[in-house]
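# Summary of structural features
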Amino acid sequence: MYDAIVVGARCAGASVALLLARAGYRVLLLDKSTYGSDTLSTHLVHQPGVAALARWGVLEQVRASGCPPLERTVYEVADIHIEGRARGVAGQQVAFAPRRRVLDALLVDAAIAAGAEFRERSRVTGLLRDEAGRVVGVEGRHGNQCFTETAHLVIGADGMRSTVAQLVAAPYNARDPRLTCAYYTYWPDVPADLELYERPGGWVATVPTHEDATLVLAYFPQSRFAEVRTDAHHAYQEQIRATAPVLYERLRDSEPAERLRGSGDQQNFFRQASGPGWVLVGDAGHHKDSITARGISDAFHQVEVLVAEVGGTLGGDPAQLDAALARFAEGRDKTLAQGYEATLSVARLAPPHAQRLDLLRAVQSDPELVAIYLDMVAGIASPQDLYTPRLLELL
């Protein structure tokens, strides 16, 4: 019997397996995909997530993989140009945007080194329950072989369309309409920082990543998805031209290194996070539009809180474990609510109101305010932190 079975070996799943294994628990990590495979992602790990990687001893491996540090952020809207560096957190001022085939593999490797057992190409098809209905394990298929495994805790870390969430019928605590669709590809040898361009009905971002490539993402209103998908390449180019004309000129003499990828299924929700013998982490329990790129960093936060809460309860009194899971669930919702609402606000792609533009004009003129604003972008600071005496003086 395992202490925990983790379903899904991406950022959330591999991380929770890593931390539980390091805490001395017997962990089984399952994933339906193959080790080192890619997945749709903005790749961006904001400074709180970078600090987590540093605590886990994985950050140096990310650096060694050739992933460039994102030391400067540029944000443009209307006539406003904000450029600078966040204050950061826990000594981490820069962000990173590793390819997922690199980051996920590094986290899986670390989990295995810590003692977790990893099985790729293993699809969970059902859950095992005891007489009282408590989840006590999983059943699934690995190739042509069926398997069952038991555990004190089953952790669903299997993404927005989580099988574990479906099998436990986890209800939505909050659910909002889809707001954007997004398309991206990778451009070789295009000089860029972490750059964000906003206009009504459009959002474009550049994210430097591995192999001297820059991820360029274009966001559209969800209402345009049917139209955009009919000629995604043209729509993508036009959105860059209209929203970020300076970037468009940089791309004119280059060709994408990979095919165009996209999604019109940017869901926004909180699911019930836990129940008897089960818990959801990462996108399985909470997902929001990728436009603020908070998913990876938020997943790392959830993982650390979950492991801290359940420590000492696995293998003991099930009631104590359930109480720990309930504390995790309550804390998750409170902690992530503000970032969720902020993301929905950005994803509406609405015209910026005059008061916000006046605030941003004041911010751009002061390096200290720029650093606080970029902390907000990274999910470190709140809007209240921006209202310093200096800002009030400038407004």
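Residues numbered from 1 in each chain as written. Predicted model: local features only at pLDDT ≥ 70, side-chain atom pairs only at ≥ 80, totals over all residues. Heavy atoms only, no water.

Ordered by their spatial adjacency, 7 strands build an open sheet running E4-E3-E11-E12-E13-E10-E14, and the pairing between neighbours is mixed. Looking at which strands have only one partner, the edges of the open sheet turn out to be strand E4 (80–84) and strand E14 (261–263). Ignoring which end each strand starts from, the neighbouring axes of this sheet average 10° apart. Of the pairings in the sheet, the one linking strand E11 (residues 194–199) to strand E12 (residues 202–208) comprises 5 bridges and is antiparallel in character. Across the sheet, the residue bridging to Arg199 is Gly202, located in E12. On the sheet, helix H12 (residues 367–377) packs against strand E3 (73–77), E4 and E11 and is oriented at approximately 90° with respect to E4. (Pairing = 2+ DSSP bridges. Helix = DSSP H or I, 4+ residues; strand = E, 2+ residues; numbered from the N terminus. Axes fitted to C-alpha atoms, helices over the stretch in contact; angles between N-to-C directions. Contact = heavy atoms within 4.5 Å.)

Attention now goes to helix H1 (residues 11–22). End to end, H1 covers 17 Å across 12 residues, agreeing with the expected 16 Å (1.5 Å per residue, within 8%). If you check which residues of H1 are buried, you get Cys11, Ala12, Gly13, Ala14, Ser15, Val16, Ala17, Leu18, Leu19, Leu20 and Ala21. Check the buried side of H1 and you find it contacts strand E1 (2–7), strand E2 (27–30), helix H2 (47–56), helix H4 (100–113), strand E8 (145–156) and helix H9 (295–310). After H1 finishes, the residue Gly24 shows a positive phi value of roughly 95°. (Expected span 1.5 Å × (residues − 1). Buried < 20%, exposed > 50% of the residue type's maximum accessible area, 1.4 Å probe, protein only.)

Further remarks concern the side chain of His46. By secondary structure assignment, the location of His46 is in the loop between E2 and H2. Engagement of the side chain of His46 in a polar contact is seen with the backbone oxygen of Ala293, the distance being 3.4 Å. Non-local contacts of His46, meaning those with residues more than four positions away in its chain, are made with Ala95, Thr292, Ala293, Arg294, Ser297, Val377 and Ala378. (Polar contact = N/O pair within 3.5 Å; in protein donor to acceptor, adjacent residues only side chain to side chain.)

Scanning the model with the defined rule gives 0 disulfides in all. No disulfide involves Cys11; its sulfur sits 12 Å from that of Cys67, the nearest cysteine. (Disulfide = S-S within 2.5 Å.)

Membership of the largest hydrophobic core comes to 52 residues, with the highest contact counts inside it found for Leu20, Leu53, Trp56, Val58, Ile155, Phe300 and Leu306. In terms of residue count, H1 provides more of this core than any other element does, 9 residues in total. Not counting chain neighbours up to four residues away, the residues in contact with Ile155 comprise Ala4, Ile5, Val6, Val7, Val16, Leu20, Val279, Val281 and Leu306. Counting residues in hydrophobic clusters, the runner-up holds 44 residues, among them Phe270, Ile291, Leu336 and Leu374. (Core = buried A, V, L, I, M, F, W, Y, C linked by side-chain atoms within 4.5 Å.)

With that out of the way, let us pick up the pairing of strand E7 (residues 135–142). Sheet topology places strand E6 (residues 122–129) next to E7; 7 bridges connect them, and they run antiparallel. From the neighbouring strand, Leu127 faces E7, where its bridge partner is Val138. The loop that links E6 with its antiparallel partner E7 comprises 5 residues; one of these, Gly133, has a positive phi angle of about 90°. Judged from the 6 bridges that link them, E7 and E8 form a sheet pairing that is antiparallel. The residue of E8 that forms the bridge with Glu139 is Thr148.

Attention now moves to the pairing of strand E13 (residues 213–221). For E13, the buried fraction is high: 8 of the 9 residues fall into the buried class. Inspection of the sheet shows strand E10 (residues 180–188) paired to E13 by 9 bridges, in the antiparallel sense. The partner of Tyr183 across the bridge, within E13, is Ala218. What sits between E12 and E13 in their antiparallel hairpin is a turn of 4 residues, with Glu211 showing a positive phi close to 60°.

All chains considered together, the criterion is met by 8 aromatic pairs. Ring centres of Tyr183 and Phe220 lie 6.4 Å apart, and the angle between their planes is 80°; this geometry places the pair in the edge-to-face category. Of this pair, Tyr183 sits in strand E10 while Phe220 sits in strand E13; the two residues are 37 residues apart in sequence, bridging distant segments of the chain. Phe220 shares its class with Tyr183; the two are buried. In textbook terms, an aromatic cluster arises when at least three aromatic residues are bridged by ring pairs, as seen for Tyr75, Trp203 and Tyr373. Its end group placed over the ring of Tyr2, Arg26 keeps NZ or CZ at 4.1 Å from the ring centre. (Phe/Tyr/Trp six-rings, centres within 6.5 Å; stacked < 30°, edge-to-face > 60°. Lys NZ or Arg CZ within 6 Å of the ring centre and 35° of its normal.)

All right, on to the side chain of Arg99 then. Along the chain, Arg99 turns up in the loop between E4 and H4. Its relative accessible area of 3% is what places Arg99 among the buried residues. Aside from chain neighbours lying at most four places away, what touches Arg99 is Asp38, His43, Tyr186, Thr209, His210 and Glu258.

Next up on the list: a nonpolar patch on the surface. A cluster of nonpolar side chains, namely Tyr387, Leu392 and Leu395, defines an oily patch on the protein surface of about 310 Å² accessible area. As for its placement among the helices and strands, Leu395 is situated in the segment after helix H14 (389–394). (Patch = residues over 30% accessible without salt bridge, like charges linked within 9 Å, V, L, I, M, F, W, Y side chains within 5 Å. Areas by Shrake-Rupley, 256 points an atom, 1.4 Å probe, with all protein chains shown as cover. Salt bridge = Lys/Arg side-chain N within 4 Å of Asp/Glu carboxyl O.)

This brings us to the sheet that holds strand E18 (residues 286–287). With respect to topology, 3 strands assemble into an open sheet ordered E9-E15-E18, the strand pairing being antiparallel. Pairing within the sheet leaves two strands with one partner each, and these edge strands are strand E9 (172–176) and E18. With 4 bridges joining them, E9 and strand E15 (residues 268–271) adopt antiparallel strand pairing. Its bridge partner lying in E15, Tyr172 is registered against Arg271.

Next up on the list: helix H7 (residues 232–243). Look at H7: 16 Å from first C-alpha to last across 12 residues, which is about the 16 Å you get at 1.5 Å a residue. Looking only at H7, the buried set comprises Ala232, Ala235, Tyr236, Gln239, Ile240 and Thr243. Take H7 and look down its axis: the buried residues cluster within an arc of 135°, on one side only. (Arc of directions from axis to C-beta.)

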